[in-house]
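Reading the structure
Spelled out from the first residue to the last, the chains are:
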Amino acid sequence: MKGLRSWQLWAVLGIAAACASVPLYVRNDYLLQVLFRIALFSALGLAWNLVGGYAGQLSLGHVAFFGVGAYGLAIFTDLGVPRWISMLLAAGAATLLAAIIGRIVFRLRGPYFTLATIAAGEVLRLMATNLKITGGAIGLTTPALFSGQLFWKWFYLAAIGLALITLIINYRVSRSRFGYYLMAIREDEETARAVGIDSLRCKLQSLLLSAFLTALAGALYGSAFQFIIPDSVLALDTSVQIAIITMLGGAGTLLGPVIGAVVLLSASELFKNQFKESHLLIYGILIVAVVLFMPEGIVGALQHLFRRRTKPPDVAAGIAPGGRDLSGSGTPRRS
Amino acid sequence: MIAFLQACANGLLTGALYALIGMGLALIFGVQRIVNFAHGAFLMVGMYATFLLFDKLNINPYYGFMAAGVLLFTFGYLLYWVLIKPVQNKSPFMQILMTTGIALILTDGAQLIFGADYHQTNIELINRTLRYGPFSLNAASLLSFGIAGVLIVALTMFVRRNLTGQALRAIAQNPEVAPLMGINVLRIQGLSFALGTGLAGLAGGLLLPALYLFPGVGEDYTTKAFVIVVLGGMGSIEGAALGGLLLGVAESLTSLYVGNQWALVVDFALFLLVLSFKPSGIFGRQRA
């Protein structure tokens, strides 16, 4: 996806326009709600992609920012701030939180980093469950960003807009010096530091950006479902879901998170009737299959297929373009 | 003071089971560096196995836990060859994904089969309390503590004395040289993964009487297990035992002085503190 030619840009815009026109012919609330979640999780996956894909830091704590977005919207609005400004304030608060969390967790590597991000998210969930300002386990009602009969339509459009903005940010990052720094850190952090990249700072910046966008999505989600409890907007499952959507589609690619969201959410929606409460079962099966059979995700696997057919292998590849090789090196690194 | 000591005693009772869980993960994560996010799910499977034996065949959980251990050992051994071995030498990223996938399948599979209802295991032992002066201890917890203690000692002896146990530690210390010493690395690693899941099964069985059973019951224990391994120092099985006891006491004291609902927060606080300031673990020696 690195060489995004102008026709590809038009294609993306065309698809976005097609997505935006969906409410013109879909009037079913249930369907719009499903589409809203697909669009929202595309945005979440794309936001996560900045940290987990380009910088290669497997965060399973993104729900913290998601939750702060939702809770922030409710709390700031309750204090008398206009809704849309509360949403931005909430995203600002999440960014601040990311700065604090990032300073702690980015000093850790590999599984320790992932565990620390889980810990951060869980601490927030426990705090929201026990503190008065967040309404405890009962939760809070959220202000409606859109109301009226057609509110799902507007939520859907807002989510599409957010996904598009996040996609553009991903695109800009992937082609910028900053993006290359992140990818260098992903490939080999020691070497990246050796050539003068301030890895802590770069990782932190990617997290701040990601947290801001994730919180916006959280606010939209909280508002759409009208009330929030810690187990809905601060659950570890959501973090896992965001990461898996991106990994399934292809981490470190532009369209991977979108494809992942479409595939996973429609699959889980289709199987919901069979499995009822157990719809995460299908996630589990898909993850295991992806890890075993296409570790670079759907987009990565397609790129391989495509590249093999069309042109001879690129021998002098610097940083591997596009799909990230997640399979790791043959020798395990030991600390 | 009495309240303090009582809380410490209760903490040790829980801590022994934590130790068992932690030692299981230490065998998988500490020794082999397989990032196992499914440990709590294995525990949950052990609990359901023990519960089914109790519910359908009326077998006391304090016998049933052994069956759960055997079941989880076998399950772990098969799982290793089918799903874990392919990711063994890959990045932690892939291992986390794989084991998270396994955990989701087990948890939601359990939900599909057994439903989301809470189950309670009614045995008379659970309502009996032993008193000694001003102190009182739950009989069931005390029995679990005793059994866990025996298992911990047995496992420590196995790892130290037994040839297979020594091979296991040799792989932990240097996986490149171990095969040169004639150790069949794959076999031992499969075995140690199975031992780890087996321990989770045993611990699940022993925990059953004290908890309400539902499919998500194991989730907290995955993170707890990692906290314990990190506290005890990576690669140290004995350290994990101490880490478990320490965590039990820390949680119990937090419940007493701060409030029950904050006990879990202490887990994470301890975890972040240890990782930030003493990554080799409280009981771990600094390794080069």
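Small disclaimer: the values here were computed from a predicted structure and weren't measured. (Residues numbered from 1 in each chain as written. Chains lettered and ligands numbered in written order. Predicted model: local features only at pLDDT ≥ 70, side-chain atom pairs only at ≥ 80, totals over all residues.)

1. What about the overall build of chain A?
- A tally of regular secondary structure across chain A gives 15 helices and two strands.
- For chain A, restricting intrachain contacts to residue pairs at least 6 apart in sequence, the fraction spanning at least 24 positions comes to 77%. (Helix = DSSP H or I, 4+ residues; strand = E, 2+ residues; numbered from the N terminus. Contact = placed C-beta atoms within 7 Å.)

2. Structural notes on the interface of chain B and chain A
- Facing the 35 residues of chain B at the interface are 37 residues of chain A.
- For the side of chain B that touches chain A, the elements supplying multiple residues, two or more each, are α4 (92-114), α8 (219-232) and α10 (263-277) of chain B.
- The biggest single contributor to the side of chain B that touches chain A is α4 of chain B, with 15 residues.

3. Re the confidence of the model for chain B
Residue and element names in this part refer to chain B.
- Per-residue confidence for chain B gives a mean pLDDT of 84, with 97% of residues at or over 70.
- Mean pLDDT across the elements of chain B bottoms out in strand β1 (residues 129-132) (78) and peaks in helix α2 (residues 39-57) (90).
- Predicted complex metrics record ipTM = 0.81 and pTM = 0.84. (pLDDT = per-residue confidence, 0-100.)

4. Details of the nonpolar core
- Ranked by internal contacts, the top residues of the largest apolar core, which has 211 residues, are A159 of chain A together with L20 of chain B.
- Once residues within four sequence positions are removed from consideration, A159 of chain A is found in contact with F36, A39, L40, A43 and L220 of chain A. (Core = buried A, V, L, I, M, F, W, Y, C linked by C-beta atoms within 7 Å. Buried ≥ 20, exposed ≤ 12 C-beta atoms within 10 Å, placed from the backbone.)

5. Points about the confidence of the model for chain A
- Of the residues in chain A, 89% reach a pLDDT of 70 or more, and the chain-wide mean stands at 83.
- Scored below 50 in pLDDT, residues 312-335 of chain A shows 40 contacts in the model against residues more than four places distant or in partner chains.

6. Topic: unusual backbone geometry
- Despite not being glycine, Q226 of chain A shows a phi value in the positive range, around 70 degrees.
- Checked against the element boundaries, Q226 of chain A lands in the loop between α10 (199-224) and β2 (227-228).
- Given 11 C-beta atoms within 10 Å, Q226 of chain A falls into the exposed group.
- A positive phi angle, close to 60 degrees, is found at N58 of chain B, a residue other than glycine.
- With respect to the helices and strands, the residue N58 of chain B is situated in the loop between α2 and α3 (61-84).
- Take N58 of chain B: there are 8 C-beta atoms within 10 Å of it, and that puts it in the exposed class.

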